[in-house]
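Listed below, chain by chain, are the residues.
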Amino acid sequence: MFEKGLPNMHVLLQVLATSSCGLVYAGMMTSWGFPAVALPEMNLPDSNIHFKGEQASWFASVPLFMCIPGSLVGGLLCEKVGPRRLQLFLAPVLCVSLMVMHVASWQSVQEAGAAEAVLLVSRVVQGTMVAFLFSVMSVYPCEMSDERMLGTLTSLTDAWASFGLLLCYLLGRYLSWPTLSWTLPLVTLVPGFLGLLLSPESPLWMARKGMDNEARETLTRLRGTPEEVNEELRVVRNTREKDSITCMESLRLAAKVENVKPMAISACILVMKQISGSSALMIYIVRIFQVAGVGFDPHFSSALVGVARLCCNFVGSALIMRLPRKALLISGSVTTAVTTTAIAIFFYLQSRGNDISSLSWLPIISLVLFMIGYSAGVSPSAWLVSVEILPGPVRSLGFGVGLTCYSISSFVVSKTFEDVAAAWGLYGLFWSYAAGSVSYILLLVFLVPETRGRSRQEIEDIWYGKKEESLVEKSVP
């Protein structure tokens, strides 16, 4: 993992900073995963929580909704305040908003009819904090790591997210939702916050802000040699001069035909991967297993899927550096299409009253395989390719637009889970997810170019028509 000769203190400081950020990310994902274990308990006959109408679906999906406007605002705040400082400001608020949900279990609050309001307001605050913090989760680890550690530390970002979800599924098996509401932030956000107190601010952010002396001092603590420090500062200074582009100039460039196409495809790469149902499965996985009536405990089954996701994050990080990105995306999407089709068939047979006792293994095996395809193939490659295909002049704006579209699609898919399941049945819902995966495969085959083995200039030449080359494929050794 670490090369010989790399000073241990430099390594430890990088690991401390990125791991602390990772724990904050895990805490953010516990907010997303909390409804998966809380809603089934709240819906029990003897529960004192009584959501009305659409309140339950809003409780589950409001953090995703808040990411629609919040992701762009969070990016601006990150650059204005600093990625470490923003985490130190907002992580405590997220922590308190999670713990406050415990208040809804108090008898006096329930007798006053305020429990549901407390839960929904706390979820709105959680969603706002998660939205503002989202962009930091990629920026801070990347800017704290040197070239030797960059691939290892930044590839763990998805793994921290999976760790947060797995905590929800595991602890939800043994703890009630009120206890879970304060246990989860104690094991993620609190240690993450304490680690950030001991970590420095991003030196590259300080350099971008003109704080050259502070940036040099911090880089000296994080990098192995003076040559590395000088080179990184030089690159930031050059970028600072080149990127002094106004907002109107960015919009003018984005409106050009040759830039609109890659921006639209980049957004579709992020949006259509959500149509496979990944965000909804993350939130409603316990309920799916309850309805399926599998042989294992639904929480245990959910934990197995969470373990598969976590393990495959590491597999995906290794594969993405060795295999063509497009091949990983297509193979992962084929897996999600096949597995959601299998689950749809299972629920269809169940709805027809057929004896499915011999197929009790199908939902858990299918969802584990779904997560393998998604976490090892689709998710890591989609994030990378959606950035790599964007031309330099519109890369930041294009990815911001794509991230907003991604947030909208995540919210819509999750929010409509209950409505679609009620109208079409769970089998119809999973048929729609399978159709989404097939549509994603068609997009990848016909419109997305391979990016591995190509320079940024070569990719830009494809969009700008400087090379007679098909977008369908380019063989990569």
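Just above, that's the structure.
Here the structure is a predicted model, which is why all the values come from computation and not from measurement.

K.L.:
Break down the nonpolar core for me, citing the residues and quoting the values.
P.N.:
By size, the foremost hydrophobic cluster in this structure holds 105 residues, and its most contacted members are Met 28, Met 42, Leu 119, Tyr 169, Ile 269 and Tyr 440. Looking at this core element by element, the count peaks at 14 residues for helix H1 (residues 8-42). Among all residues touching Tyr 169, those that are not within four sequence positions of it are Ala 36, Val 37, Met 282, Ile 285, His 299, Ser 302, Ala 303 and Gly 306. Formed by seven residues, the second largest nonpolar core is a distinct cluster that contains Met 206, Ala 207, Ala 215 and Leu 233.

K.L.:
Got a sec to walk through the layout of surface pockets? Specific residues and values, please.
P.N.:
Here the second largest pocket defines a volume of roughly 200 Å³. Along the wall of the second largest pocket there are 16 residues; nearest its centre are Gly 22, Leu 156, Thr 157, Ala 159 and Trp 160. Among the elements of the structure, H1, helix H6 (136-144), helix H8 (157-174) and helix H17 (298-319) are those that each provide at least two residues to the lining of the second largest pocket. Among the elements that make up the lining of the second largest pocket, the one with the highest residue count is H1 (six residues).

K.L.:
Residue-level account of empty space enclosed by the protein, with values.
P.N.:
To find the voids left in a structure, one rolls a probe of water-molecule size over its atoms. As enumerated under the stated definition, the model contains three cavities of 30 Å³ or more in all. When its volume is computed, the largest cavity comes out at roughly 80 Å³. Looking at the largest cavity, the residues that line it are Ser 162, Leu 165, Leu 166, Tyr 169, Leu 281, Met 282, Ile 285, Val 305, Gly 306, Arg 309, Leu 367 and Met 371. Elements with a contribution of two residues or more to the lining of the largest cavity: H8, helix H16 (278-292), H17 and helix H19 (362-388). A total of four residues in the lining of the largest cavity trace back to one element, the largest contributor, which is H8. Of the residues assigned to the lining of the largest cavity, the class counts are nine nonpolar, two polar and one charged. Estimates place the volume of the second largest cavity at around 60 Å³. Considering the residues around the second largest cavity, the lining is formed by Trp 32, Leu 64, Cys 67, Ser 71, Phe 134, Leu 403, Tyr 406, Ser 407 and Ser 410. Elements represented by at least two residues in the lining of the second largest cavity include exactly helix H2 (55-81) and helix H20 (395-415). Broken down by element, the residue count for the lining of the second largest cavity peaks at four residues, all from H20.

K.L.:
Residues and numbers for the packing of aromatic side chains, please.
P.N.:
How two aromatic rings sit relative to each other is given by the distance of their centres and the angle of their planes. Within this structure, the stated rule accounts for 15 aromatic pairs. One aromatic cluster in this structure is built from Phe 346, Phe 347, Phe 430 and Tyr 433. Above the ring of Phe 59, the side-chain terminus of Arg 123 is found at 5.0 Å from the ring centroid. Directly above the ring of Tyr 174 sits Arg 173, whose terminal nitrogen or CZ lies 5.5 Å from the centroid.

K.L.:
Before we move on, can you summarise the pattern of salt bridges with the specific residues and values?
P.N.:
According to the stated counting rule, one finds four salt bridges in the structure shown. Arg 173 is the salt-bridge partner of Asp 297, the closest N and O atoms lying 3.2 Å from each other. Placement of the pair is Asp 297 in the loop between H16 and H17 and Arg 173 in helix H8, with a sequence separation of 124 residues. A salt bridge links Arg 325 to Glu 388, with the shortest nitrogen-to-oxygen separation between them at 3.3 Å. On the criterion of sequence distance, the pair formed by Arg 325 in helix H18 (residues 325-351) and Glu 388 in helix H19 is long-range, its members being 63 residues apart. Of the residues examined, Arg 325 reaches a relative accessible area of 10% and is grouped as buried.

Cut-offs applied
- Residues numbered from 1 in each chain as written.
- Predicted model: local features only at pLDDT ≥ 70, side-chain atom pairs only at ≥ 80, totals over all residues.
- Heavy atoms only, no water.
- Core = buried A, V, L, I, M, F, W, Y, C linked by side-chain atoms within 4.5 Å.
- Buried < 20%, exposed > 50% of the residue type's maximum accessible area, 1.4 Å probe, protein only.
- Helix = DSSP H or I, 4+ residues; strand = E, 2+ residues; numbered from the N terminus.
- Contact = heavy atoms within 4.5 Å.
- 1 Å grid on protein atoms, 1.4 Å probe; cavity = no way out; pocket = protein on both sides within 12 Å on 5 of 7 lines; lining within 4 Å.
- Points joined across faces, edges and corners; volume = space filled by probe spheres on them.
- Nonpolar A, V, L, I, M, F, W, Y, C, P; charged D, E, K, R; others polar.
- Phe/Tyr/Trp six-rings, centres within 6.5 Å; stacked < 30°, edge-to-face > 60°.
- Lys NZ or Arg CZ within 6 Å of the ring centre and 35° of its normal.
- Salt bridge = Lys/Arg side-chain N within 4 Å of Asp/Glu carboxyl O.

Just geometry here; none of it tells us what the structure is for.
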